[in-house]
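Chain by chain, the residues run as shown.
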Amino acid sequence: MRYVVACDHAGLPLKGILMEELEAQDHRVEDLGTMTEESVDYPLFAVKVARAIEAGTADMGLLLCGTGIGMALAANRAAPVRAVTVSDCFSARMAREHNDANILCMGARVVGPGVAVDILRSWLAAEFQGGRHTRRVQMIMEAESL
Ligand code: RB5
């Protein structure tokens, strides 16, 4: 898979270790910033990742900030993607199996590096189950017209 990854200053401590895990599992990884600890506005980075998926230049995204919350909120408004904030392995698996989520968001002020790697592994090991979930995911994407 082609992954695009981005973070703000608060998410930076998790970025390197999670990119290493993606690469170790043979995913192609592109880093869209931020590269330093200087304070930045996380929505700008969420939008970059969401738009790369919308444009088809990436399949999946990983977004990291302090909580993972602001990144998911911004990504879900910027493009027709499904970004989820996750801080446990079960939710990571369910987000893939039931919701076909395509952007994983985590908070470096919520989970440490060990938990974050386990969450990413759970996400990577899971697959969308289709079936009844396909209809529901479609309803999410068309929620404005329900
Ligand atoms: C930055 O202080 C913090 O607000 C940001 O990283 C994130 O947690 C927002 O949701």
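Just above, that's the structure.
Presented here is a report on the structure given in the accompanying data block.

Definitions and limits used
- All residue numbers refer to position in the chain's written sequence, counted from 1.
- Only residues with pLDDT of at least 70 are given local features in this predicted model, and only at 80 or more are side-chain atom pairs given and counted; all residues enter the totals for whole chains, interfaces and linings.
- Values shown for side chains rest on all heavy atoms present in the structure; no hydrogens or waters enter the calculation.
- Burial here depends on accessible area, computed with a 1.4 Å probe over protein chains only, as a share of the maximum for the residue type. Under 20% is buried, over 50% is exposed, and the range in between is partly exposed.
- Helix and strand labels come from DSSP, where a helix needs a run of H or I of at least four residues and a strand needs a run of E of at least two; each type is numbered from the N terminus.
- Here, strands pair whenever DSSP counts at least two bridges between them.
- Orient the strands so they point away from the viewer, and a crossover whose first-strand-to-second-strand path over the helix runs clockwise is right-handed.
- A helix is expected to span 1.5 Å for every residue after the first.
- This arc is built from the directions going out from the helix axis to the C-beta atoms.
- Here a residue-residue contact requires only that any non-hydrogen atoms of the pair lie within 4.5 Å.

### Looking at the pairing of strand E1 (residues 2-7)
Reasoning step 1: Within E1, five of the six residues are buried, which leaves it mostly tucked inside the rest of the structure.
Reasoning step 2: Of the pairings in the sheet, the one linking E1 to strand E2 (residues 28-31) comprises four bridges and is parallel in character. The residue of E2 that forms the bridge with Val-5 is Asp-31.
Reasoning step 3: What joins E1 to E2 is helix H1 (residues 12-24), and the crossover it makes is right-handed.

### Observations concerning H1
Reasoning step 1: Counted at 1.5 Å a residue, the expected span for H1 with its 13 residues is 18 Å, and the 19 Å between its end C-alpha atoms agrees.
Reasoning step 2: Turning to H1, its buried residues are Leu-12, Leu-14, Lys-15, Leu-18, Met-19, Glu-21 and Leu-22. Buried residues of H1, seen end-on, are gathered within an arc of 160 degrees and therefore sit on one face of the element. Set apart from the buried face of H1 by more than 90 degrees, the exposed residues are Pro-13, Glu-20 and Ala-24.
Reasoning step 3: For H1, the secondary structure elements touched by its buried residues are E1, E2, strand E3 (60-65), strand E5 (103-107) and helix H5 (113-125).
Reasoning step 4: One or two steps after H1, the chain reaches Asp-26, where phi turns positive at roughly 65 degrees.

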